[in-house]
Amino acid sequence: MLRGVVISLLGFGLLACQKKNEPEPEPKLVEVGSVETLLGFCDPPPSDRVKIKAATFQMGGDLYPEEGPVREVSVRAFDIDRTEVTNAQFADFVEATSYVTDAEKAQPGFDVDGGAVFMQPTEEFPSWWRFIEGADWRHPEGPDSSIEGKAQYPVVQVSYNDAKAYADWAGRRLPTEVEWEYAAGAGATTNFVWGDEKTPGGKEQANTWQGNFPLENTAEDGHTGQAPVGCYPPNNFGLYDMIGNVWEWTDTVFQAGNPGVEGGEPIHVIKGGSFLCADNYCRRYRSAARQPQEVGLPTNHVGFRTVGDIDE
Ligand SMILES: [Ca+2]
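Here we summarise the structure given alongside this text. What you see is a predicted model; the values in this text were computed from it and never measured. (Residues numbered from 1 in each chain as written. Predicted model: local features only at pLDDT ≥ 70, side-chain atom pairs only at ≥ 80, totals over all residues.)

1. Details of the overall build of the protein chain
Here is step 1: Across its full length, the protein chain holds 3 helices and 11 strands.
Here is step 2: The order of α-helices and β-strands along the protein chain, N terminus first, is β-β-β-β-α-β-β-α-α-β-β-β-β-β.
Here is step 3: Counting all 312 residues of the protein chain, 44% fall into the buried class.
Here is step 4: Pairs at least 24 apart in sequence give 71% of the contacts found in the protein chain among residues at least 6 apart. (Helix = DSSP H or I, 4+ residues; strand = E, 2+ residues; numbered from the N terminus. Buried ≥ 20, exposed ≤ 12 C-beta atoms within 10 Å, placed from the backbone. Contact = placed C-beta atoms within 7 Å.)

2. Regarding the sheet that holds strand S9 (residues 290-294)
Here is step 1: With respect to topology, 4 strands assemble into an open sheet ordered S9-S8-S7-S10, the strand pairing being mixed. Since the sheet does not close on itself, it has two edges, and those belong to S9 and strand S10 (302-303), each with one partner.
Here is step 2: Across 2 bridges, strand S7 (residues 247-255) lies against S10 in parallel orientation. Residue pairing for S10: Trp 247 is matched across the bridge by Val 302.
Here is step 3: In the packing of helix H3 (residues 177-185) onto the sheet, the strands contacted are S7, strand S8 (267-271) and S9, and the crossing angle to S8 comes to about 10 degrees. (Pairing = 2+ DSSP bridges. Axes fitted to C-alpha atoms, helices over the stretch in contact; angles between N-to-C directions.)

3. A look at unusual backbone geometry
Here is step 1: Here the residue pair Gly 68 and Pro 69 is connected by a cis peptide bond, since its omega of -5 degrees sits within 30 degrees of zero.
Here is step 2: You can see Pro 69 is positioned in the loop between strand S2 (55-59) and strand S3 (71-75).
Here is step 3: The linkage connecting Phe 213 with the following residue, Pro 214, adopts the cis geometry, with an omega of 0 degrees.
Here is step 4: By secondary structure assignment, the location of Pro 214 is in the loop between H3 and S7.

4. With respect to the sheet that holds strand S11 (residues 307-309)
Here is step 1: Ordered in space as S1-S4-S11, the 3 strands form an open sheet in which the pairing is antiparallel. The open sheet terminates on both sides in strands that have one partner only, identified here as strand S1 (49-52) and S11. Strand after strand, the sheet turns through a mean of 25 degrees between neighbouring axes, direction not considered.
Here is step 2: Judged from the 3 bridges that link them, strand S4 (residues 78-81) and S11 form a sheet pairing that is antiparallel. Within S11, the position partnered with Asp 79 by the bridge is Gly 308.

5. A closer look at the environment of Thr 250
Here is step 1: Within the secondary structure, Thr 250 is located in strand S7.
Here is step 2: Judged by C-beta crowding, with 26 C-beta atoms within 10 Å, Thr 250 ranks as buried.
Here is step 3: On a C-alpha basis, the gap between Thr 250 and Lys 164 in space is 9.4 Å, while along the polypeptide they are 86 residues apart.
Here is step 4: With sequence-adjacent residues up to four places away left out, Thr 250 is seen in contact with Leu 174, Pro 175, Thr 176, Glu 177, Trp 180, His 268, Val 269, Ile 270 and Lys 271.

6. Thoughts on the nonpolar core
Here is step 1: Residues Ile 80, Ala 183, Ala 184 and Ile 243 are the most contacted members of the largest nonpolar core, which totals 26 residues.
Here is step 2: The greatest single-element share of this core, amounting to 4 residues, is contributed by H3.
Here is step 3: With near-sequence residues (within four places) excluded, Ala 184 lies in contact with Val 193, Asn 235, Met 242, Ile 243, Lys 271, Gly 272 and Ser 287.
Here is step 4: Grouped together as the second largest cluster of nonpolar side chains are 23 residues, Val 117, Ala 163, Tyr 166 and Trp 249 included. (Core = buried A, V, L, I, M, F, W, Y, C linked by C-beta atoms within 7 Å.)

Put into C-alpha cells, the structure is as follows:
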C-alpha cells in the first residue's frame, strides 16, 4: 500500500535555513525517502508585492531546446508577490471560501483523491514520482504528513485551477510566462540570475538539489525538500525563490492538449525549477527554463505566486 511508504516530515518548524555568521553545517546524507529539513527557520520577508516597470528584454535560453530561440520581448508594468504563496495565505483563502482543491477530489485515472509526491527511489519503488492517496495541500507528502509549523512554506499540491482560484479571490491573476521570466531574471545577463557562478563563494543561492539526483541528496543548501519562503537571497528586484524551492504556475499554455490522451487537459508552463533540480539531471534553476505541467495535476514541487496590473 502506497500510504505505507510515506514518511512523516521530520523536525519541520524547528529547523531551516542557514543564517549569516553561523558555522557551516556538516553536509549530511539523508536517508532514502526522508524529507527532513536540516536547519532553522529564516526570518520571513514581507508578504508584499514588488512593482515591475514596463521593459523590453531578451527572453529564452539555449541550454534546453524548449527554451529557445532567444528573442526580444516586451512586458507592461505589473506587480508581483515578493514570495511564493504560503500555506498561511492559502489557508486564508480556503477559510474564506470553503474552496476544495483538485487533490481533494477523485483524480482521473486513480478514482481516489490525492496528488503526485516525489520520493527517492527504492528497489521496491524505482519510480521517483508516486501518486499518493490523501496527498493534498494540508498533507503535501501524503496523509501522514502535515503543514503544522509550516505556515511560511510555499503551498503545494495545488493544480493550475487551484492557483487561479486563489488569484481570482485575491483580485489578482497568475503571471504570464513573459512576466514571470522577466521578473525572475531581474535584468541579469549572466548564466544565473545571481551571476555567472552557481555557488559564488561556495554558497548555494537557491533551494535546489545537491548530490546525485535522485539517489543522493546532500542538502548542501540546507534543505532536502521545500524551504520556508525567503531563505535564500532575493534577486535584483527583491523577489525571493523565483529560482528553486517550488516550480510556479504561469497562465501561459505550453500546448493545447496532452498528446496521446484524447480530450486531454491543457498543459501549462511552469517556471523556476524546484528543490528537485540538480546539476546531473535538470539544470532548470534559471529564469529561461520552462517545463510543461498538466493543469489538473497537483504535486509537491509546484506552487505559484500572483501578479496584478499597474499603471507604471
Ligand atoms: Ca520558486
